[in-house]
Amino acid sequence: MKIIISHDESPFIKRVSRLVKKVDKNIEVVIADSFSALITACNKEKDVSFIISDFAILGKEWRKNLKRLITASQGKRLVFVSSVDDREIVNYLMLSGCYGFIPSDYDDETFSIALSLIIRGHEYVPPIFLHGRRQKMSSPIDYRLPDGKFLTPRQVEVLELLGEGMSNKQIAFKMDVSEATVKLHINAIL
């Protein structure tokens, strides 16, 4: 198995390389120390299984560069490591087809466990991003419609997530339903 590790700092590359070898000593590591080197490695190394990259390598135009990387990676599994703690960014990465997200502040043991799961074929996202604190649902009286009817609890949840600026796809991911179900709830709300 071959893995590309991408970061612009040597200590990160050394740490991730060491932890990858700890999971499986037979893994071959290819290093990319910039975004352009990562794109080049994706195009050159056809037998790569994973790309483990620091999120910051994508730069300020991270959405645009993520699309470029996904195109260049040609189906290789993308895993990002970062100190980013923004649930919306992590959701965007996962909905874009990334295979995992590992916080850079994980200790070596936790980091190794996450890597091990990913290398064995499982997606990995920290539990905090999957099971974040849920706000208590408002009572239906707060959502009385003009005709005297009330919104259902799921409709209220969709409405609140729309109010937070989430897209239908993000809401579907968060609620663990299809995007079509979210659209049905929105139509019922309207």
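Structural data are supplied above this passage.
Only a predicted model underlies this, so the values are computations on that prediction, with no experimental measurement involved.

What follows is about the packing of aromatic side chains. Enumeration over the complete set of coordinates arrives at five aromatic pairs. Between the aromatic rings of tryptophan 62 and tyrosine 92, the centroid separation amounts to 5.3 Å while the plane-to-plane angle is 85°, which identifies the pairing as edge-to-face. Taken as a pair, tryptophan 62 in helix 3 (residues 62–73) and tyrosine 92 in helix 4 (residues 87–95) lie far apart in primary sequence, 30 residues in all. Here tryptophan 62 falls in the buried class, since its relative accessible area comes to 12%. An aromatic cluster is present here, built from Phe55, Trp62, Phe80 and Tyr92 joined pairwise through their rings. One residue, arginine 15, lies across the ring of phenylalanine 111, its end atom 4.7 Å from the ring centre.

What follows concerns helix 9 (residues 179–189). For helix 9, the full list of buried residues reads Val182, His185, Ile186 and Ile189. Down the axis of helix 9, the sector holding all buried residues measures 100°, keeping them to one side. In helix 9, those exposed residues whose orientation departs by more than 90 degrees from the buried face are Leu184 and Asn187. Residues of helix 9 that are buried in the fold lie against helix 7 (153–163) and helix 8 (168–175).

Conventions adopted
Residues numbered from 1 in each chain as written. Predicted model: local features only at pLDDT ≥ 70, side-chain atom pairs only at ≥ 80, totals over all residues. Heavy atoms only, no water. Phe/Tyr/Trp six-rings, centres within 6.5 Å; stacked < 30°, edge-to-face > 60°. Helix = DSSP H or I, 4+ residues; strand = E, 2+ residues; numbered from the N terminus. Buried < 20%, exposed > 50% of the residue type's maximum accessible area, 1.4 Å probe, protein only. Lys NZ or Arg CZ within 6 Å of the ring centre and 35° of its normal. Arc of directions from axis to C-beta. Contact = heavy atoms within 4.5 Å.

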